[in-house]
Amino acid sequence: MDRGGGSCYGGVCVYINDLCCRAYSIKTRICDDPNVEILGMTLRPFYSPREFGCILLFAVYVPPKGPGRAAQAARTIADCVHELQLQYPEAPAVVLGDLNQCFVDTVLPGFEQYVQDTTRKNNILDKCYVNIENAYVARVGPPISTSDHNVACITPVSKSKLKRGKPVKKVVRTWTNESKEQLKACLDLTDWDTFSCGSLDEITTVTNDYINFCVELVVPTKEIKIYPNNKSYVTKDIQEIIHERKTAFINKDFGALKLAEKKLKNRIRQAKSAHRQRLEDTFNSNNHKKTWDTMKSMTGMSSPSKPILTENEGALSNDLTTFFARFESLDNSSKCTEILKAVIPAPSDRITITEEDVRRVFRCTNTGKANGPDECSAFLLKNFASELAPVWQPIFQISVDTHTIPLSWKTSYIKPLPKIRCPKEHKDYRPIALTSVIMKSLERILLQYLVSLTKEKLDPCQFAYKKGCGTEDAVATLVHLITKHLDQSKDNYARVLFLDFSSAFNTIQSDILVSKMVQLELNPYLIHWYACFLTNRVQRVKVNRTLSSALTTNVGAPQGCVSSAVLFTLYTDSCRTEECLSEGRSKGPDQYILKYSDDSFNFSFK
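What counts, and at which threshold
Residues numbered from 1 in each chain as written. Predicted model: local features only at pLDDT ≥ 70, side-chain atom pairs only at ≥ 80, totals over all residues. Heavy atoms only, no water. Helix = DSSP H or I, 4+ residues; strand = E, 2+ residues; numbered from the N terminus. Rg over C-alpha atoms; globule rule 2.2 N^0.38 Å. Buried < 20%, exposed > 50% of the residue type's maximum accessible area, 1.4 Å probe, protein only. Contact = heavy atoms within 4.5 Å. Areas by Shrake-Rupley, 256 points an atom, 1.4 Å probe, with all protein chains shown as cover. Lys, Arg positive; Asp, Glu negative; His and termini not counted. Charge placed at Lys NZ, Arg CZ, Asp CG, Glu CD. Pairing = 2+ DSSP bridges. Core = buried A, V, L, I, M, F, W, Y, C linked by side-chain atoms within 4.5 Å. Salt bridge = Lys/Arg side-chain N within 4 Å of Asp/Glu carboxyl O. Axes fitted to C-alpha atoms, helices over the stretch in contact; angles between N-to-C directions. Parallel < 35°, antiparallel > 145°, perpendicular 65-115°, else oblique. Left-handed = near helix turned anticlockwise from the far one by under 90°. Nonpolar A, V, L, I, M, F, W, Y, C, P; charged D, E, K, R; others polar. Phe/Tyr/Trp six-rings, centres within 6.5 Å; stacked < 30°, edge-to-face > 60°. Lys NZ or Arg CZ within 6 Å of the ring centre and 35° of its normal. pLDDT = per-residue confidence, 0-100.

## Overview of the overall build of the protein
Alright, step 1. Looking only at helices and strands, the protein has 18 helices and 20 strands in total.
Alright, step 2. Here the C-alpha radius of gyration of the protein, 32 Å, is well above what a compact globule of 606 residues would show, namely 25 Å.
Alright, step 3. Along the longest, intermediate and shortest principal axes, the C-alpha atoms of the protein span 100 × 80 × 50 Å.
Alright, step 4. A buried classification covers 39% of the 606 residues belonging to the protein.
Alright, step 5. When contacts within the protein are restricted to residue pairs at least 6 apart in sequence, long-range pairs at least 24 apart make up 68% of them.
Alright, step 6. For the protein, the accessible area works out to roughly 35,000 Å², and carbon and sulfur atoms hold 53% of it.
Alright, step 7. Placing the 78 positive and 67 negative side-chain charges of the protein at their respective mean positions leaves the two points 7 Å apart.

As structure tokens, this is what we get:
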């Protein structure tokens, strides 16, 4: 790339050894700026650390035009670097070239300049900035041919991400047998009748706060370090042997050191063998989910989600809150209230929730789920189901009888998960709601009633969220119907249209859903309860550790709740295949609509 215009200086070029890298792409090209020339590109070497998908390289030339021009050139360089870093946040960035008196470390914090020896007379004009600390070693040699600049040889110092990463400190609770017994005794000796006064919101809040207080009082905490190179097979006894080996080395006890190394080698071999056996057992048990979870744990795939890169977390969280509630113009909650006036629950329709129902649901709670805004953990419900079932059963019953849901249960933290690798717009985030684990338990109980009442009435061509029915059934039915039609005649053909609803769960209107539930003649208690579930929900978006301001919404069902998916199938149930009539007799339809959650396959025969 040359400056042109008859100038006697300038021009930037990059030579790439094809034995090391053949995959490259030019992303930025600036040659008409009088202050700077930039050639930005991405490189994918054959051999590079696994965590680096590519390398960002910026070849730069800054002409000697004075300090004012140098400052402007630094800002231009920073803009180019930031633009590519947004697309490739994990890639290392290298800025090198003849920068003269331009210093970019003021506009690119976190970049280190490696060339420390003079490259032209007594000045350091040729520089190399990298956003990784201690990544390179720079050596300056004599100039080539008639050049008046010395050669700067930049040699990388390979250091894996595991070694560069610092351990993360985390405070966890120590659930020993003694602490569990103490907490059980604390819960058993509590007079829960003293919390039964007041409104449902007050009862729920006081009960939950007291349980959390008991946990904090009884269960001790400790601070642990999570190292980036932790292996799942490294148990506590292996760590003790490693510490024993380290102590022997410090004390220069070579006999004990040799014994500890042999002991450690044998113990690691046994741990890996047990690790492999656990994977084989899960595979032989035909439990695909557990097998996949075990594989992710063994390979380190089950790592925590990466933080969202943004300059202002508060502004982004508030913008996402408004974006996720952009369908509030469809709010017809007043119309929903009018429909509910005609739905009068009778005493015979009352749904009874027993302690055994609550205890069974608590024991089936997935402890891997995140806590909701009320900070009640799934681990607590699962391990203390017998003690907590009598506590929450009356509250669940009151909620169903009065068709009300406590505000803490209807409050959710929205966690935006990127749909693509480098999200650029708000629509590139998927809103996953973190709700109360206790609320999810009540949803599971009521969902059993909802499914039992609707399984015979729903569209048989809906293949999602049905027991014993999945994607294989939907694909097999689609292929069977098309093949059967094409085999009837050579002139037959089929037209297929694949549809996917955009923001499906977020567009559910409570009045339409309630009217459909009334048409299906569902239990009035369920209709009133789910109407309350969909209206006056409070949500806040959480970007990394920053929470947005609260917003109340009446449209949509939160993604991540137990009932949302089934409610959407009820919402779209009327979109189904219709029978055709010919000479008073019914025949097979000429058009089919197969549905799987928010995806549909519409095809017609000719």
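## Side note on the pairing of strand 20 (residues 599-605)
Alright, step 1. Of all the 7 residues making up strand 20, 6 are buried; the element is thus mostly covered by neighbouring parts of the structure.
Alright, step 2. Two elements, strand 19 (residues 591-596) and strand 20, share 6 bridges in a ladder whose sense is antiparallel. The residue of strand 20 that forms the bridge with Tyr592 is Phe603.
Alright, step 3. In this structure, the hairpin formed by strand 19 and strand 20 is closed by a connection of 2 residues, where Ser597 is found at a positive phi of approximately 60°.

## Here we look at the side chain of Thr282
Alright, step 1. Mapped onto the elements of the fold, Thr282 is located in helix 6 (residues 254-284).
Alright, step 2. Thr282 has contacts with Asn287, Lys290, Thr291 and Thr294, leaving out every residue within four places of it along the chain.

## Things to note about the nonpolar core
Alright, step 1. Residues Phe396 and Tyr530 are the most contacted members of the largest nonpolar core, which totals 69 residues.
Alright, step 2. Of the residues forming this core, the biggest block, 9 residues, is contributed by helix 17 (residues 524-534).
Alright, step 3. If we skip the residues at most four places from it in the chain, Phe396 touches Ile353, Val358, Phe362, Trp409, Ile438, Ser441, Leu442 and Ile445.
Alright, step 4. Counting 26 residues, the second-largest nonpolar core is a separate cluster that includes Ile30, Val60, Ala70 and Cys102.

## What to know about the sheet that holds strand 3 (residues 55-61)
Alright, step 1. Strand order in the open sheet formed by 6 strands is 1-2-3-4-6-5, with mixed pairing between adjacent strands. Single-partner strands in this sheet number two, and they are strand 1 (23-30) and strand 5 (112-113).

## Observations concerning the environment of Ile308
Alright, step 1. Turning to its location among the elements, Ile308 is positioned in the loop between helix 7 (288-299) and helix 8 (313-324).
Alright, step 2. A C-alpha to C-alpha distance of 20 Å links Ile308 and Lys369, two positions 61 residues apart in sequence.
Alright, step 3. With sequence-adjacent residues up to four places away left out, Ile308 is seen in contact with Leu316, Pro416, Tyr429, Val543 and Asn544.

## Examining helix 10 (residues 355-363)
Alright, step 1. Buried within helix 10 we find Asp357, Val358, Arg359, Val361 and Phe362.
Alright, step 2. Lining the buried residues of helix 10 we find helix 11 (378-383), helix 12 (385-402) and helix 14 (437-454).

## So, the environment of Gln87
Alright, step 1. Mapped onto the elements, Gln87 comes out in helix 1 (residues 67-87).
Alright, step 2. The spacing of Gln87 and Val60 is 27 residues in sequence and 20 Å in space, taken between C-alpha atoms.
Alright, step 3. If near-sequence neighbours (up to four positions away) are discounted, Gln87 is found in contact with Cys422 and Lys424.

## Concerning the pattern of salt bridges
Alright, step 1. Throughout the structure, instances matching the rule amount to 11 salt bridges.
Alright, step 2. Put simply, Asp148 and Arg120 hold a salt bridge, and the shortest N to O gap is 3.0 Å. Here Asp148 is found in the loop between strand 7 (136-141) and strand 8 (151-156), whereas its partner Arg120 is found in the loop between strand 5 and strand 6 (126-130), with 28 residues between them in sequence.
Alright, step 3. Taking the relative accessible area as the measure of exposure, Arg120 reaches 27% and is therefore partly exposed.
Alright, step 4. Arg360 is the partner of Asp357 in a salt bridge, and the nearest nitrogen-oxygen pair spans 3.2 Å. In this pair, Asp357 and Arg360 are both assigned in helix 10, 3 residues apart and thus about one turn of the helix distant.
Alright, step 5. In this structure, a network of salt bridges that share partners links the residues Glu355, Glu356 and Arg359.

## Details of the sheet that holds strand 19
Alright, step 1. The sheet built from 3 strands is open, its strands ordered 13-20-19 with antiparallel pairing. Lying at the two open borders of the sheet, with one neighbouring strand each, are strand 13 (494-500) and strand 19. Strand-to-strand twist across the sheet, computed as the mean angle between neighbouring axes with direction ignored, equals 15°.

## Side note on the side chain of Asn100
Alright, step 1. By the secondary structure assignment, Asn100 is in the loop between strand 4 (93-98) and strand 5.
Alright, step 2. Those residues in contact with Asn100, other than ones at most four positions away along the chain, are Tyr61, Val62, Pro63, Pro64, Ile124, Leu125 and Lys127.

## Re the packing of helix 5 (residues 236-250) against helix 6
Alright, step 1. At a minimum axis distance of 9 Å, the contact between helix 5 and helix 6 shows a crossing angle of 160°. Considering the angle they form, helix 5 stands roughly antiparallel to helix 6. When the axes of helix 5 and helix 6 are compared, the crossing they make is left-handed. Of the residues in helix 6, those in contact with Asp237, Ile238, Ile241, Ile242, Glu244, Arg245, Ala248 and Phe249 of helix 5 are Ala256, Leu257, Ala260, Glu261, Lys263, Leu264, Arg267, Ile268 and Ala271.
Alright, step 2. Of the residues contributing to the contact of helix 5 with helix 6, the split by class is 11 nonpolar, no polar and 6 charged.

## Notes on unusual backbone geometry
Alright, step 1. Backbone geometry at Lys121 places phi at a positive 55°, although glycine is not the residue there.
Alright, step 2. Looking at the secondary structure, you find Lys121 in the loop between strand 5 and strand 6.
Alright, step 3. Backbone geometry places Glu375, a non-glycine residue, at a positive phi of 65°.
Alright, step 4. If you trace the backbone, Glu375 turns up in the loop between helix 10 and helix 11.

## Structural notes on the packing of aromatic side chains
Two descriptors summarise a pair of aromatic rings, namely the distance from one centre to the other and the angle between the planes of the rings.
Alright, step 1. As enumerated under the stated definition, the model contains 15 aromatic pairs in all.
Alright, step 2. For the ring pair Trp192 and Phe195, a centre distance of 5.6 Å and an interplane angle of 50° mean the geometry is tilted. The two residues Trp192 and Phe195 agree in class, both being buried.
Alright, step 3. Taken together, a centroid distance of 5.5 Å and an interplanar angle of 55° make the contact between Phe505 and Phe568 tilted. Of the two residues, Phe505 sits in the loop between strand 13 and helix 16 (510-519) while Phe568 sits in helix 18 (residues 564-571), which places them 63 residues apart along the sequence.
Alright, step 4. Since its relative accessible area comes to 14%, Phe505 is described here as buried.
Alright, step 5. Across from the ring centre of Phe323, 4.0 Å away, lies the NZ or CZ of Arg326, which sits over that ring.

## What about the pairing of strand 4?
The side chains of a regular strand alternate, residue by residue, between the two faces of the sheet.
Alright, step 1. Here strand 3 runs beside strand 4; their pairing, made up of 6 bridges, is parallel. Note that in strand 4 the partner of Phe58 across the bridge is Val95.
Alright, step 2. Relative to strand 6, strand 4 runs antiparallel, the two being bridged by 5 bridges. When the bridges of strand 6 are listed, Leu96 appears paired with Cys128.

## Thoughts on the confidence of the model for the protein
Alright, step 1. Counting all residues, the mean pLDDT for the protein is 85, and 93% of those residues have values of 70 or more.
Alright, step 2. Across residues 580-587 the pLDDT falls below 50, and counting only partners more than four positions away or on other chains, this stretch makes 9 contacts in the model.

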